[in-house]
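Letter by letter, the chains look like this.
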Amino acid sequence: MAEARPPPNFAMKFFIEKNYAMLSQQAANFVAQRLCQNPNLVLGLATGSTPLGLFKILAEKFKKKELDFSLATTFNLDEYCGLPLAHPQSYRSFMEANLFSKINLNYKRIFFPSCSLNSCQDYEEKIKNAGGIALQILGIGRNGHIGFNEPGSKFDSRTRIVRLSQTTIEDNARFFNNIKEVPSKAVTMGIATIMEAKEIVLLASGEKKQDIICQALAGPITEKVPASILQRHKAVNVILDKTVAEKLT
Ligand code: F6R
């Protein structure tokens with residue numbers, strides 16, 4: 001049976017930028033504005049290629065003394081299982097190399113989910129105790145995943161260990177020596193965890209994401225396309241480059 005088409009979500013704000021550099025600038029301006037309004041900002045972070053430009057600009061802004069992260073708290077979306085934290089491809093190492101080592105976050109307020117026993121519930125508690133995520137940065141997988149919530153993930157899912165889909169393993173193999181090194185499991189905030197963020201910034205760029213952005217933002221809301229749930233969030237800012245937005249407009 002065909003799934004019903006969702007009504008347009010007027011809560012979703014779109015920013016269509018000329019290129020990746022401008023998308024990153026817009027995203028950085030957004031984070032900077034929220035951090036200036038609230039120095040105790042609780043920020044949800046994504047890894048991957050898409051937010052790299054954003055991280056670079058945030059680090060530059062910190063260097064120019066335009067930003068102070070000392071009171072902020074961060075929660076990363078996900079982490080591989082089975083890689084030591086110090087492994088160059090762990091998301092912890094990725095964040096350290098691309099952002100944490102370049103700004104003045106307090107290390108006591110940097111949080112990652114962990115694959116160790118009983119730690120998923122603990123991660124949810126930590127988010128709650130921090131007052132909830134005020135601003136969540138998201139990328140999107142070619143298969144519509146957000147965090148590592150792969151197609152078929154329940155909309156009411158919370159932080160948990162998941163098996164990565166073949167598409168994700170293939171996409172992420174570019175960071176490893178070969179595909180066999182890519183872990184098959186990861187820990188991720190759940191869809192419900194992400195949806196509790198007060199505000200979301202979704203970033204996507206490039207031709208490879210054109211189709212999934214269309215499906216996620218203009219197609220039916222379905223667990224087959226995890227990011228489609230964002231149509232139900234009250235405050236999503238979608239920052240795209242012109243290329244990725246081509247099929248949407
Ligand atoms: C990573 C994450 C993933 C990525 C997605 C897109 O922490 O949450 O959902 O955002 O796989 O990755 P890139 O940006 O490399 O295309």
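To keep things clear, this report deals only with the structure shown in the data block. Counting starts from 1 at the beginning of each chain's written sequence and moves along it residue by residue. This being a predicted model, a pLDDT of at least 70 is required before a residue's local features are given, and a value of 80 or more before pairs of side-chain atoms are given or counted; all residues contribute to the totals for chains, interfaces and linings. The side-chain values count all of the structure's non-hydrogen atoms but skip hydrogen atoms and water molecules.

## Brief notes about the environment of Leu 138
- Note on conventions: DSSP H or I runs of at least 4 residues are helices, E runs of at least 2 residues are strands, and numbering of each starts at the N terminus. Mapping Leu 138 onto the fold places it in strand S6 (residues 135-138).
- Residues Leu 138 and Leu 203 lie 65 residues apart in sequence; the distance between their C-alpha atoms is 6.1 Å.
- Working rule for contacts: check all heavy atoms of both residues, and any pair within 4.5 Å makes them a contact. In this structure Leu 138 touches Ala 46, Leu 77, Ile 146, Ile 194, Ile 200, Val 201, Leu 202, Leu 203 and Leu 230, once residues within four positions along its chain are discounted.

## Here we look at helix H2 (residues 52-63)
- Here a helix's expected span is defined as the number of its residues, less one, multiplied by 1.5 Å. Its 12 residues place the ends of H2 17 Å apart at the C-alpha level, agreeing with the 16 Å of an ideal helix rising 1.5 Å per residue.
- Of the surrounding elements, those touching the buried residues of H2 are helix H1 (20-37), strand S2 (42-45), helix H3 (91-98), S6 and strand S9 (199-204).
- Immediately downstream of H2, the backbone of Lys 65 shows phi near 65°, a positive value.

## Looking at the sheet that holds strand S8 (residues 185-188)
- In this analysis, strands are considered paired if DSSP registers two or more bridges between them. The strand order across the open sheet formed by 3 strands is S4-S8-S7, and the pairing between neighbours is antiparallel. With partners counted over all chains shown, the strands left at the sheet margins are strand S4 (78-80) and strand S7 (160-163), one partner each. Averaged over neighbouring strand pairs, the angle between their axes works out to 30° when direction is ignored. To get an axis, a line is fitted to the C-alpha atoms, and for a helix only the part in contact is used. The angle between two axes follows their N-to-C directions and goes from 0 to 180 degrees.

## Some points on the packing of aromatic side chains
- Aromatic rings from Phe, Tyr and Trp, with only the six-membered ring used for Trp, were paired whenever their centres fell within 6.5 Å, and each pair was classed as stacked if the ring planes differed by under 30 degrees, edge-to-face if by over 60, and tilted otherwise. Inspection of every chain in the model, using the stated rule, returns 8 aromatic pairs.
- An angle of 80° between the planes, with centres 6.3 Å apart, marks the rings of Phe 100 and Phe 112 as edge-to-face. Of this pair, Phe 100 sits in the loop between H3 and strand S5 (110-111) while Phe 112 sits in the loop between S5 and helix H4 (119-129), placing them 12 residues apart in sequence.
- Only protein chains enter the accessibility calculation, which uses a 1.4 Å probe; a residue is then buried when its area is under 20% of its type maximum, exposed when over 50%, and partly exposed in between. Phe 112 sits in the buried class, given a relative accessible area of 15%.

## Digging into the site of the ligand
- Contacts to the ligand come from 15 residues, most closely from Thr 47, Thr 50, Asp 78, His 145 and Lys 209.
- Thr 50 places a polar side-chain atom, nitrogen or oxygen, 2.4 Å from an oxygen atom of the ligand.
- Within the side chain of Lys 209, a nitrogen or oxygen atom sits 2.6 Å from an oxygen atom of the ligand.
- Using a 1.4 Å probe, the Shrake-Rupley method yields the accessible areas, and only the shown protein chains count as cover for residues. In isolation the ligand has 410 Å² of accessible area, and contact with the protein removes 92% of it. We call a residue near a given molecule or strand whenever any one of its heavy atoms falls within 4 Å of it. Contacts described as polar in this section are N or O atom pairs within 3.5 Å, which, within protein, must combine one atom able to donate a hydrogen with one able to accept it, while residues neighboring in sequence count only if both atoms come from side chains.

## A closer look at the environment of Ala 130
- Here Ala 130 shows up in the loop between H4 and S6.
- With 33 residues separating them along the chain, Ala 130 and Ala 97 place their C-alpha atoms 25 Å apart.
- Not counting residues up to four positions away in its chain, the partners in contact with Ala 130 are Val 42 and Phe 75.

## Section: the packing of H1 against H2
- At a minimum axis separation of 8 Å, H1 and H2 run at an interaxial angle of 55°. Here H1 lies oblique to H2, going by the angle between them. As for the relative orientation of H1 and H2, their crossing is right-handed in sense. Seen from H1, the contacting residues are Tyr 20, Ser 24, Gln 25, Ala 27, Ala 28, Asn 29, Val 31 and Ala 32; seen from H2, they are Leu 52, Gly 53, Leu 54, Ile 57, Leu 58 and Lys 61.
- Just so you know the grouping, Ala, Val, Leu, Ile, Met, Phe, Trp, Tyr, Cys and Pro go in nonpolar, Asp, Glu, Lys and Arg go in charged, and all remaining residues, Gly too, go in polar. When the residues that make up the contact of H1 with H2 are grouped by side-chain class, the tally is 9 nonpolar, 4 polar and 1 charged. Note on angle classes: values under 35 degrees are labelled roughly parallel, values over 145 roughly antiparallel, values of 65 to 115 roughly perpendicular, and the remainder oblique. Take the far helix as your reference; a near helix turned counterclockwise from it by less than a right angle gives a left-handed crossing, and one turned clockwise gives a right-handed crossing.

## Some points on the pattern of salt bridges
- Put simply, a salt bridge is a Lys or Arg side-chain nitrogen that is within 4 Å of an Asp or Glu carboxyl oxygen. Applying the stated criterion to the full structure yields 10 salt bridges.
- The shortest N-O distance in the salt bridge between Lys 126 and Asp 122 comes to 3.1 Å. Of this pair, Lys 126 and Asp 122 both sit in helix H4, 4 residues apart, which is roughly one turn of the helix.
- Asp 122 gets classed as partly exposed once you look at its relative accessible area, which sits at 36%.
- When salt bridges with common partners are traced through the structure, they connect Lys 61, Lys 64 and Glu 66 into a single cluster.

Coordinates in, geometry out; function isn't part of it.
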